[in-house]
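Here is how the chains run, residue by residue.
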Amino acid sequence: MHEQLEEKLKKILKVKHISLFNNGTIALAVALKILNLTGEVITTPFTFPATVHALSWNKLDPVFCDIDDQNMNIDVNCIEDLISSKTSAILAVHVFGQPCSISELINIANKYKLKLIFDAAHAFQLEINGKGIGTYGDVSMFSFHPTKLFHTAEGGALTFNIVELKKRADLYKNFGILNEEEVVLPGINGKMNELQAAMGLAVLEILDEERKRRSEIDKLYRIELFDLDGLYIYEIDESVQPSYQYFVVRIDEKVFGKSRNYVYDSLKKYNVFSRKYFYPLCSEFNHYKNIQSAHKSNLPVAHLVADEVLSLPFYGALNNSDIKRICNILRKIKEE
Ligand SMILES: *Cc1c(COP(=O)(O)O)cnc(C)c1O
């Protein structure tokens, strides 16, 4: 089942090589390991905790870079100022399936001889001009947690362009066991198990239908919400095939009249549960907040975005009348 799923996902994600894992976090930790990184890694504070924790587990020091207001991803114009003699890599995240500024990232990585790793946990089936998102950079990580578009109950994957990296990842996720007599490196147990793979194969059967339904939901939200001033919806570029994993809006309090927190709390009263993804920023966690780059004054855009984002209910079983109800409630909250 593991082998079957690996073959199928390789095609669906349009990647050269793939290695399946028990979850995305272990996959990312192994990705950092196989690249032999040292010292500092430049990353974004606007992400799920696992991105930055994977650095800590590898004794790598995160350096937080501010984000781009236009796509909520690492701001490529701020990276070069953060590069030091200790920098070994850039770890970028395609947040909410919005692709990073990939060509700029590749140029910077090449110029300074840095490794480039993508956390593509939100980017399943994201494509740019028909090219799989997992083909960019040295390694990309996908998460198959149940909250993601495609899932294996829990699970994850790494994708690579060169087979040597896949071989190293396969060794690292299986205790470093090369064969019955040789254990060649200090690996961990990161393998995807057969039950997870079976779940993945079953979920693949309904994937297209789920994506199709979510594309309709996405459209309906946009139609219903476009005239709500102060509620901003991100546009997806025409060259991009979206992953339909989240539907995220930003609420500009000055224009909308109510804060994101007010909207979040009010929605709950109507039994509508949204999420403040990603709030708080990783740079605000106790473990990271004393790093110099974590200081609020260095991350103005990230702080603004973290205070404005709201992830609305988004899943295939959500019916049109409920979407309209949610949008009417948002309208009511604005006018309260
Ligand atoms: C879900 C997620 C992860 C972690 O994946 P798991 O499979 O839950 O370990 C990492 N990064 C981001 C951005 C995520 O959303």
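Here we summarise the structure given alongside this text.

Quick word on the pairing of strand E8 (residues 139-143)
Right, on to step 1. Counted residue by residue, E8 has five buried out of five residues, so it is predominantly covered.
Right, on to step 2. Residues of E8 alternate between two faces, with Val139, Met141 and Ser143 on one and Ser140 and Phe142 on the opposite face, all of them buried.
Right, on to step 3. Alignment of strand E5 (residues 115-119) against E8, held across three bridges, turns out to be parallel. Each bridged residue has a counterpart across the sheet, and for phenylalanine 118 the counterpart in E8 is serine 140.
Right, on to step 4. With five bridges joining them, E8 and strand E9 (residues 156-160) adopt antiparallel strand pairing. Note that in E9 the partner of serine 140 across the bridge is threonine 159.

Some thoughts on the pairing of strand E14 (residues 247-251)
Right, on to step 1. Counting buried positions along E14 yields five of five residues, so the element is predominantly enclosed.
Right, on to step 2. Relative to E14, strand E12 (residues 231-233) is paired through three bridges, and the arrangement is antiparallel. Paired with leucine 231 across the two strands is isoleucine 251, which belongs to E14.
Right, on to step 3. With four bridges joining them, E14 and strand E15 (residues 309-312) adopt antiparallel strand pairing. Residue pairing across strands places arginine 250 opposite valine 309, the latter belonging to E15.

Cut-offs applied
- Residues numbered from 1 in each chain as written.
- Predicted model: local features only at pLDDT ≥ 70, side-chain atom pairs only at ≥ 80, totals over all residues.
- Heavy atoms only, no water.
- Buried < 20%, exposed > 50% of the residue type's maximum accessible area, 1.4 Å probe, protein only.
- Helix = DSSP H or I, 4+ residues; strand = E, 2+ residues; numbered from the N terminus.
- Pairing = 2+ DSSP bridges.

Fair warning: the whole summary comes from geometry, so function is off the table for now.
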